[in-house]
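# Close look at the chain arrangement
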Amino acid sequence: MRDLKIVVCLKVVPKSEEVSVNAETNTLERANARSEINGADMNALQMALELKDTHGGCVTLLSMGPPFAERYLRLGMAMGADSAYLMSDRAFGGADTLPTAYALAEGVRALEECDLIICGEESSDGATGQVPAGIAEWLDLPQVTGATSIQLLPRSRLLRARRELRGGYEIVEALLPCVVSVRLGSNEPRFIDFARWDWALENAPVTVWSAADLGLEEEHLGLKGSATAVAGVATAATAERRREFLSGTPEEKAEQLLERIKAWTRL
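Let us look at the structure shown here. (Residues numbered from 1 in each chain as written. Predicted model: local features only at pLDDT ≥ 70, side-chain atom pairs only at ≥ 80, totals over all residues. Heavy atoms only, no water.)

## Considering the overall build of the protein
Test applied: Secondary structure is summarised from DSSP: a helix means a run of H or I of at least four residues, a strand means a run of E of at least two, and numbering begins at the N terminus for each. The atom set for the radius of gyration is the C-alpha atoms, and the globule formula is 2.2 Å times the number of residues raised to the power 0.38. Using a 1.4 Å probe on the protein chains alone, a residue whose accessible area is under 20% of its type maximum counts as buried, one over 50% counts as exposed, and one in between counts as partly exposed.
Scanning the protein from N- to C-terminus turns up seven helices and 13 strands. Its C-alpha radius of gyration of 23 Å places the protein more than 25% over the 18 Å reference for a compact globule of 267 residues. Its C-alpha atoms give the protein principal-axis dimensions of roughly 75 × 45 × 40 Å. Sorting the 267 residues of the protein into buried and exposed places 41% on the buried side.

Next up, the structure:
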């Protein structure tokens with residue numbers, strides 16, 4: 001088997017607690033939110049690096065996003081990835097899962113001869129879980145979803161994955177090349193390798209692709225190519241917890257609390 005070539009799809013997402021919604025456009029307002037690499041994608045990267053440690057080969061990062069995503073790809077290379085490609089173009093903006101999966105699949109296709117594509121199971125800002133499966137469909141490749149661990153049998157070009165189920169787990173196999181989505185929290189992403197830090201920040205190869213570079217037609221991308229539209233946004237109602245305030249001295253409050261506890265225990 002030739003050297004293993006793994007592609008990891010990374011998404012840079014806003015910190016969920018800092019995101020607001022634009023009431024006019026029904027889109028997320030990210031300008032004032034800090035960003036980070038999607039959690040499940042970090043687990044996917046760790047899984048790829050473990051396979052590289054075991055079998056050799058190279059790990060390539062692929063992302064679709066604005067120009068500032070480049071520095072997060074460099075962080076991934078400081079962890080151990082070998083190269084990175086950023087698909088950045090205004091034509092990609094506003095995409096739902098359909099054009100996102102299509103564009104990323106075309107990015108993978110442009111990399112040529114990939115043995116394994118690993119993605120996080122879903123993103124924290126979308127949480128659909130549709131993009132990894134969409135990539136597999138566009139590339140006409142077998143897929144394994146929700147993997148918690150994987151191993152390779154290089155001579156037979158076979159991937160074996162473990163998936164957690166309610167009450168147990170299952171082992172599934174797929175022939176390479178294939179697409180795997182990784183369950184959030186399935187491993188502990190490694191720290192930055194500071195021996196690679198200067199290289200990652202200064203000299204590591206990050207190639208930026210536009211839609212034209214990949215020969216993609218804009219009507220299939222972004223908002224134009226999306227099959228869904230957000231008709232409205234509303235805040236989900238939260239259940240109000242019952243609250244009672246006790247008054248009096250500490251001793252009186254303690255007595256009142258004891259009486260209430262007694263009443264509940266008699267229910």
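## A closer look at the sheet that holds strand 7 (residues 83-87)
To keep it simple, the criterion reads: A pair of strands counts as paired when DSSP detects no fewer than two bridges linking them. Working convention: axes come from line fits to C-alpha atoms, limited for helices to the stretch in contact. Angles between N-to-C directions cover 0 to 180 degrees. Whether two residues are in contact is decided by their heavy atoms: any pair within 4.5 Å suffices.
In spatial order, the strands read 11-10-9-12-8-1-6-7-13; together these nine strands make up an open sheet with mixed pairing. Every interior strand has two partners, whereas the edge strands, strand 11 (168-175) and strand 13 (206-209), have only one. Taken over all neighbouring pairs, the strand axes of this sheet differ in orientation by 30 degrees on average, direction set aside. In this structure, strand 9 (residues 143-153) lies alongside strand 12 (residues 178-182), joined through three bridges in parallel fashion. If you follow Gln143 over to strand 12, its bridge partner there is Val179. Lying on the sheet, helix 1 (residues 39-55) is in contact with strand 1 (5-9), strand 6 (58-64), strand 8 (116-120), strand 9 and strand 12; it crosses strand 8 at an angle near 150 degrees.

## Things to note about unusual backbone geometry
Pro177 follows Leu176 through a cis peptide bond whose omega is -5 degrees. Relative to the assigned elements, Pro177 resides in the loop between strand 11 and strand 12. Phi at Glu112 is positive, roughly 65 degrees, even though this residue is not glycine. One non-glycine residue, Asp140, lies in positive phi territory at about 55 degrees. By the secondary structure assignment, Asp140 is in the loop between helix 4 (131-139) and strand 9. For Asp140, a relative accessible area of 69% corresponds to the exposed category.

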